[in-house]
Protein chains: 2
Amino acid sequence: MALMAKLVAGVDIGGTTLSVGIVPLAGGRPRAPRVADTVDERGGEAVVGQVCAMVRAAVDEVARAEVSGAEVAGVGVAAPGSLDRARGVVLESHNLGWFGLPLRDRVQAATGLPAIVENDANCAAYGEWWRGAGRGFRSVLGITLGTGIGGGIVMDGQPFLGATGAAGEIGHMTVEFGGRRCTCGDRGCLEAYASGPGIARTAAEGLGGGARSSLPELVEGDLGRITAATVHEAAVGGDAYATAVLARAARMLAAGIAGAVNLLGPDAVVVMGGVAAAGDLFFGPLARELGRPRFRSAVDACAVVPGALPGTAGVVGAAGVFRLRTGAVRG
Amino acid sequence: MALMAKLVAGVDIGGTTLSVGIVPLAGGRPRAPRVADTVDERGGEAVVGQVCAMVRAAVDEVARAEVSGAEVAGVGVAAPGSLDRARGVVLESHNLGWFGLPLRDRVQAATGLPAIVENDANCAAYGEWWRGAGRGFRSVLGITLGTGIGGGIVMDGQPFLGATGAAGEIGHMTVEFGGRRCTCGDRGCLEAYASGPGIARTAAEGLGGGARSSLPELVEGDLGRITAATVHEAAVGGDAYATAVLARAARMLAAGIAGAVNLLGPDAVVVMGGVAAAGDLFFGPLARELGRPRFRSAVDACAVVPGALPGTAGVVGAAGVFRLRTGAVRG
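Residues numbered from 1 in each chain as written. Chains lettered and ligands numbered in written order. Predicted model: local features only at pLDDT ≥ 70, side-chain atom pairs only at ≥ 80, totals over all residues. Heavy atoms only, no water.

**Let's talk about the overall build of chain A**
Within chain A, the regular secondary structure consists of 11 helices and 12 strands. Relative to the globule expectation of 20 Å for 331 residues, the C-alpha radius of gyration of chain A, 20 Å, shows essentially globular dimensions. Along the first, second and third principal axes, the C-alpha atoms of chain A reach 65 × 45 × 35 Å. Intrachain contacts of chain A at a sequence separation of at least 6 include 62% that bridge at least 24 residues. Accessible surface, chain A: about 12800 Å² in total, of which carbon and sulfur atoms supply 54%. (Helix = DSSP H or I, 4+ residues; strand = E, 2+ residues; numbered from the N terminus. Rg over C-alpha atoms; globule rule 2.2 N^0.38 Å. Contact = heavy atoms within 4.5 Å. Areas by Shrake-Rupley, 256 points an atom, 1.4 Å probe, with all protein chains shown as cover.)

**Re the sheet that holds strand 3 (residues 31–37) of chain A**
Residue and element names in this part refer to chain A. Taken together, 5 strands build an open sheet; the order of strands is 3-2-1-4-7 and the sheet is mixed. At either margin of the open sheet sits one strand with a lone partner, and together these are strand 3 and strand 7 (115–119). Strand-to-strand twist in this sheet, taken as the mean axis angle between neighbours without regard to direction, amounts to 15°. With 5 bridges connecting them, strand 1 (residues 7–13) and strand 4 (residues 72–79) associate as parallel partners. Bridge pairing in strand 4 places Ala 9 opposite Val 75. Against the sheet, helix 1 (residues 44–65) engages strand 1, strand 2 (17–24), strand 3 and strand 4, with an angle of about 160° to strand 3. Across the sheet, helix 3 (residues 120–131) is in contact with strand 1, strand 2, strand 4 and strand 7; its angle to strand 7 comes to roughly 100°. (Pairing = 2+ DSSP bridges. Axes fitted to C-alpha atoms, helices over the stretch in contact; angles between N-to-C directions.)

**Re the interface of chain B and chain A**
Between chain B and chain A, the contact holds 41 residues from the first and 41 residues from the second. Buried area between chain B and chain A, both sides added, is near 3400 Å², and the carbon and sulfur share of it is 64%. For the chain B face of the interface with chain A, the top three residues by lost area are Phe 177, Leu 263 and Phe 295 of chain B, together amounting to 24%. At the junction of chain B and chain A, the tally comes to 4 salt bridges. Between Arg 292 of chain A and Asp 186 of chain B there is a salt bridge; the shortest N-O distance is 2.8 Å. (Buried area = accessible area lost by both parts, 1.4 Å probe. Salt bridge = Lys/Arg side-chain N within 4 Å of Asp/Glu carboxyl O.)

**Concerning empty space enclosed by the protein**
All names here are of chain A. Under the criterion given, the structure shown has 1 cavity of 30 Å³ or more. As a volume, the largest cavity reaches approximately 30 Å³. Together, Tyr 193, Thr 202, Val 245, Arg 248, Ala 249 and Met 252 line the largest cavity. Per-element accounting of the lining of the largest cavity gives the leading share, 4 residues, to helix 8 (residues 240–264). Tallied by class, residues from the lining of the largest cavity come to 4 nonpolar, 1 polar and 1 charged. (1 Å grid on protein atoms, 1.4 Å probe; cavity = no way out; pocket = protein on both sides within 12 Å on 5 of 7 lines; lining within 4 Å. Points joined across faces, edges and corners; volume = space filled by probe spheres on them. Nonpolar A, V, L, I, M, F, W, Y, C, P; charged D, E, K, R; others polar.)

**Let's talk about the sheet that holds strand 12 (residues 303–306) of chain A**
All names here are of chain A. Taken together, the 5 strands give an open sheet; going across it, the order is 10-9-8-11-12, and neighbouring strands pair in mixed fashion. The open sheet has two edge strands, strand 10 (158–160) and strand 12, and neither has a second partner. Direction aside, the axes of adjacent strands within the sheet are offset by 25° on average. Bridge analysis of strand 8 (residues 139–145) against strand 9 (residues 149–155) gives 7 bridges, and the strand direction is antiparallel. Bridging from a neighbouring strand, Val 140 pairs with Val 154 of strand 9.

**Brief notes about the pairing of strand 9 of chain A**
A regular strand places its side chains on the two faces of the sheet in alternate fashion. Residues and elements named next belong to chain A. In terms of residue burial, strand 9 counts as a mostly covered element, since 7 of its 7 residues are buried. Burial of the side chains of strand 9 extends over both faces: Ile 149, Gly 151, Ile 153 and Met 155 are buried on one face and Gly 150, Gly 152 and Val 154 on the other. Judged from the 3 bridges that link them, strand 9 and strand 10 form a sheet pairing that is antiparallel. Paired with Ile 153 across the strands is Phe 160, a residue of strand 10. (Buried < 20%, exposed > 50% of the residue type's maximum accessible area, 1.4 Å probe, protein only.)

**Re helix 8 (residues 240–264) of chain B**
Since the α-helix advances by 3.6 residues per turn, residues separated by three or four positions end up pointing in the same direction. Residues and elements named next belong to chain B. Between its terminal C-alpha atoms helix 8 stretches 35 Å, which fits the 36 Å expected from 25 residues at 1.5 Å a residue. The N-cap of helix 8, judged by a side-chain oxygen 3.0 Å from the amide nitrogen of Tyr 241 a few residues on, is Asp 239. Positive phi shows up at Gly 265, right after helix 8, with a value of about 60°. (Expected span 1.5 Å × (residues − 1). Polar contact = N/O pair within 3.5 Å; in protein donor to acceptor, adjacent residues only side chain to side chain.)

**Observations regarding the pattern of salt bridges**
One pass over the structure, following the stated rule, counts 34 salt bridges over all chains. Taken together, the shared-partner salt bridges in this structure form one network comprising Asp 186 of chain A together with Arg 251, Glu 289, Arg 292 and Arg 294 of chain B.

**Concerning the packing of helix 1 of chain A against helix 2 (residues 103–111) of chain A**
Residue and element names in this part refer to chain A. Direction vectors running N to C along helix 1 and helix 2 enclose 45°, while the axes themselves pass 9 Å from each other. Accordingly, the angle class assigned to the pair helix 1 and helix 2 is oblique. The two elements helix 1 and helix 2 meet at a crossing, and its hand is right-handed. Facing helix 1, whose interface residues are Glu 45, Val 48, Cys 52, Val 55 and Arg 56, helix 2 presents Leu 103, Arg 106, Val 107, Ala 110 and Thr 111. For the contact of helix 1 with helix 2, the class distribution of residues is 6 nonpolar, 1 polar and 3 charged. (Parallel < 35°, antiparallel > 145°, perpendicular 65-115°, else oblique. Left-handed = near helix turned anticlockwise from the far one by under 90°.)

Have a look at this one:
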């Protein structure tokens, strides 16, 4: 039966959004997609139940819609935090309040399907390598810009895990020694500048220093309400200050990327996530910064591209990793 | 014959020093060691001749000294710059003025022995993994502190090369965005702060700003003569300013190491080279900085240790890579 399956459910448990879809192994967008807010006032336990219900509903929808070949072979789950892959357990996810949660077994029990659990950033990188902007490259570093900055590496067709299973974490590279405080407790991390909250903070700090901009008007004078999306909105509207704030974040990301590329030598870097949606306002300064004089043979050889699967890289990648790890499925 | 060989010649062509030794595959220090200055007013071509003569002399010395089993199977050459490994050509080494130099063929012609060429930082990392402080670890990032900061990665018993063959380059990670100008043309690179010249510059700048120290006396008032060795000498003598300068370099290196470890997830980092010889004056602040609050699961899992093969890691590693790449030798 499994050998006949052409579908795998993918689940992406993000800090703000839960995404589920049924991924056709032959290609194409996830079917029966479902999206919900991760925040649940009932706590992390309720999120587990919600995820399982979303997967069941998506599997049922596809089963009803298809005539044959609609078996779903299993479930790939992209989860944040540190993992015990062999047992499918989330060891520690502070965002979700999960400590030692047997996520794989919970999903298997709720769906009656085999499941695997992999890190969310690794799944997104794998998704872009398998089906997106990283296709055809031998090695890919995927960077997800959002509330934080996550990263995952795909090498020779496999998620590259490193000694602790957490390789690819680019967000906490020091780009400004002794600089801005980061949520991790250190100072000057890339995440403190080029994540969504980092961009918002840069914008608010400059306005506090007297910069002229349409931003205060956009947030009705409450600078605490500025987000990366607000900055982007102002920049699209021609606001020079907001444009410069986005450009500075992009330049700092470029510095981090150049360092990572010289260390790791990937064939491609795929930049994913919310901030990446700013398009040329972000990727223009990023490319110009990468092109400046620097130690660069590896940088020159590396393609740096925006992701091609906005919103679905994690879902697609989680399904892809399920296919990879369970010999039963052939896509 | 080759199957019987128990010896391989190792050559390390550094920016300041040429080192040659005959490496016993069974273990132990290189025999018939030879060291010379790299600088030759006759230019890079003379350096090639000198290297070949040193190898021939070392091979002859070992042959005279040994009764049997003294065949040298071949020559491993650690060379700086970018390489064409398949052809054994140094594509570009600005220090030596080598552009498209067929180093492997030159060494083979001069010695009558098969040869391979590998990057110097990769050889040093491989040497420490094979015979030094990295022994027994599955993956090692080797960092060489000297005139520059080089790096090499050993993964699953092989030099890890990356897409361009230059992976492991940690020296040009940005640790201070927009900071000090680096020789590569960029600003704020780790190398600009934690290399020997970087340390000397930090010391001289602070003295220019009025810091109190015994350093000016040590260099007879000529601050341009301050080197990392002078700073070390002053620190050993109890100079608080020199101690703080070394500590700052160590802390910036720690920031670079933490970033590299979170990205790559190696089991160990081996710190080699001149600056590393400063011992606790350097490794104390380095360890304390790594222990500070930061994003750290990979950092906690990674051993950070000084190299165990001072002066010979490159020679040993070059011989080891020869053994690895030529199936003919069994050590």
